[in-house]
Amino acid sequence: MPIKEFLEKISDTVWEIPVSYKEGMRVPARIYGTEKIISELDEAVYDQVTNVATLPGITKYAMCMPDGHFGYGFPIGGVAAMDVEKGGVISPGGIGFDINCGMRLMVTNLTYHEVKPYIKKLVDRLYERVPAGVGSSGFVKLSRNDFRQVVEQGAQWCVNNGYGWEEDLELIEENGCIKGADSAKISDKAIDRGFNQIGTLGSGNHYLEIQVARKLDIFDPELAKTMGITMPDQVVVMFHCGSRGFGHQVATDYLQRFLKVMDSKYGIKILDRELACAPFDSPEGQAYFSAMKCGINMSYANRQVILHRIREVFSEIFERSAEDLGMHMVYDVAHNTAKLENHVVDGKKRSLLVHRKGATRAFAPGMADIPERYKNIGQPVIIGGSMETGSYLLVGVPTGDQTFFSTAHGSGRTMSRTKARKAWKGETLLKDMQKKGIYVRSTSMSGLAEEAGAAYKDIDDVIEAAELAGISKKVVRLTPIGNIKG
DNA sequence: ATGTAC
């Protein structure tokens, strides 16, 4: 029977697929989105999110955020909380290959008017100083043993070694170092792939962007001010990258290991090999959890070094120190993780492993683990749109409990990379963007075509859906003026 | 996303 017959409208932005849809579903699936988003959704997402609903320990719902689209095993935009005291599993496909791919946002005290004459110079210099593209390596020279320290200490290692400011650490989830990362759980191959990649952007949808907060796009000036956006036309810097080849290798290593033991040792049957998993409370599950945390820390360190590099470049171009330029961080959010969190479910406190794959944590005001500065307003959420359109700064809200305090992470693709490459030419796109006032540098013209704005959902629709659903609140919309694309 | 196939 077609999926539409099963899809039940819960509200204007929440759609449910009951357990009767597919044998083995332990909980219903819920998809977030407006009627428009749902009508354009890739049908494969229904299949994937209902597969996720069959995994052991899944609590309440298998969910998909409004930017959701087809991914490896889980949809990208997938949220699944596993009860670790009830045989809950950990699944690499629910975290993503690019472990802790995420966004970081930094403000400046410069206005559009001041930056505009330098935009070309600024983007060109950033392009030189922040290595981008497939297989790129960074300027931080590390031995393999040093790198093992980095993946255990994350951004804290960077600040201790001169890359950044002490205050940066307070503005990263887990203060830039998730506890329990154990490099003994990492293969030599993963170390080999990662040790020279600190401070590199990567490729695909990874980018570094110079943006402007236009007056009419500051929706809540009080909240914006708390986050450092204090004036119209203020220039900010946002970037998106992850754990590069390192995280990819960690995911590959453990997917293979889980496939070997999942059924034979633990009797877990899954509907799709891409959902390979192991009980959280098993030697294999715990080993991956520790290894995945190394990926989380690698990614924090990567973004920390890039942040440092951006400060250096601005300082050079504007001939003032980064302090004088007010280059303070707003926040750093993780997209691809599984974290152990306490949540209240049906009135009871439970320990849940919350998988967020292409989804952002969005803690409400007053919750633990929010920096002091944001305690009263909620956790900042940084949403990167496609490079042509715009991005958003949001905050978490109390009604976010329905998604274990998770929201969207980006626009969400509507078109495959292959299709996008056929539909557009990178060179034309580059010129069109230039006309719109966005100066772009990219390592790859075909890569640029893959990231065309038209290959993505409308970011404004996605944010609107997230706000209407009560899973995050918008604060500022940010417009790009310069972009370095990996 | 990714030394875009070990």
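Residues numbered from 1 in each chain as written. Chains lettered and ligands numbered in written order. Predicted model: local features only at pLDDT ≥ 70, side-chain atom pairs only at ≥ 80, totals over all residues. Heavy atoms only, no water.

Where an unreviewed UniProt entry is consulted, chain A appears under the name tRNA-splicing ligase RtcB, with the organism given as Funiculus sociatus GB2-A5. Per UniProt, chain A has the following entry under Subunit (unreviewed entry): "Monomer." In the Catalytic activity (unreviewed entry) part of its UniProt record, chain A is described as follows: "a 3'-end 3'-phospho-ribonucleotide-RNA + a 5'-end dephospho-ribonucleoside-RNA + GTP = a ribonucleotidyl-ribonucleotide-RNA + GMP + diphosphate". (UniProt positions renumbered as here; feature names shortened; annotations may be inferred.)

**Brief notes about unusual backbone geometry**
Phi angles above zero are rare outside glycine, and D233 is one such case at about 65°. The residue D233 is located in the loop between helix 9 (221–226) and strand 9 (234–241) in this model. Given a relative accessible area of 31%, D233 falls into the partly exposed group. Of note, the phi angle at F405 is positive, near 55°, even though the residue is not glycine. The topology assignment puts F405 in the loop between strand 16 (391–395) and strand 17 (406–407). For F405, a relative accessible area of 10% puts it in the buried group. (Helix = DSSP H or I, 4+ residues; strand = E, 2+ residues; numbered from the N terminus. Buried < 20%, exposed > 50% of the residue type's maximum accessible area, 1.4 Å probe, protein only.)

**Quick notes on the sheet that holds strand 12 (residues 336–345)**
Reading across from one edge, 1-2-3-4-5-13-12 is the order of the seven strands in this open sheet, with mixed pairing throughout. For this open sheet the edge positions go to strand 1 (8–11) and strand 12, each flanked by a neighbour on one side alone. Taken pair by pair, the neighbouring strands of this sheet meet at an average axis angle of 25°, ignoring direction. Bridge count for strand 3 (residues 29–32) against strand 4 (residues 62–69) is three bridges, and the pairing is parallel. (Pairing = 2+ DSSP bridges. Axes fitted to C-alpha atoms, helices over the stretch in contact; angles between N-to-C directions.)

**Here we look at the protein's contact with DNA strand B**
Close to DNA strand B lie 15 residues, the nearest being V134, R193, G204, N205 and R417. In DNA strand B, atoms within 4 Å of the protein come 55% from sugar and phosphate. Side-chain polar atom of R193 to a phosphate oxygen of DNA strand B: 2.2 Å apart, as the coordinates give it. At 3.1 Å, a side-chain N or O of Q197 approaches a phosphate oxygen of DNA strand B. Listed by contribution, the elements that provide at least two residues to the surface near DNA strand B are helix 8 (188–194) and helix 10 (244–261). Among the elements that line the surface near DNA strand B, the one with the most residues is helix 10, at three residues. A breakdown of the residues in the surface near DNA strand B according to their chemical character gives two nonpolar, eight polar and five charged. (Near = heavy atom within 4 Å. Polar contact = N/O pair within 3.5 Å; in protein donor to acceptor, adjacent residues only side chain to side chain. Nonpolar A, V, L, I, M, F, W, Y, C, P; charged D, E, K, R; others polar.)

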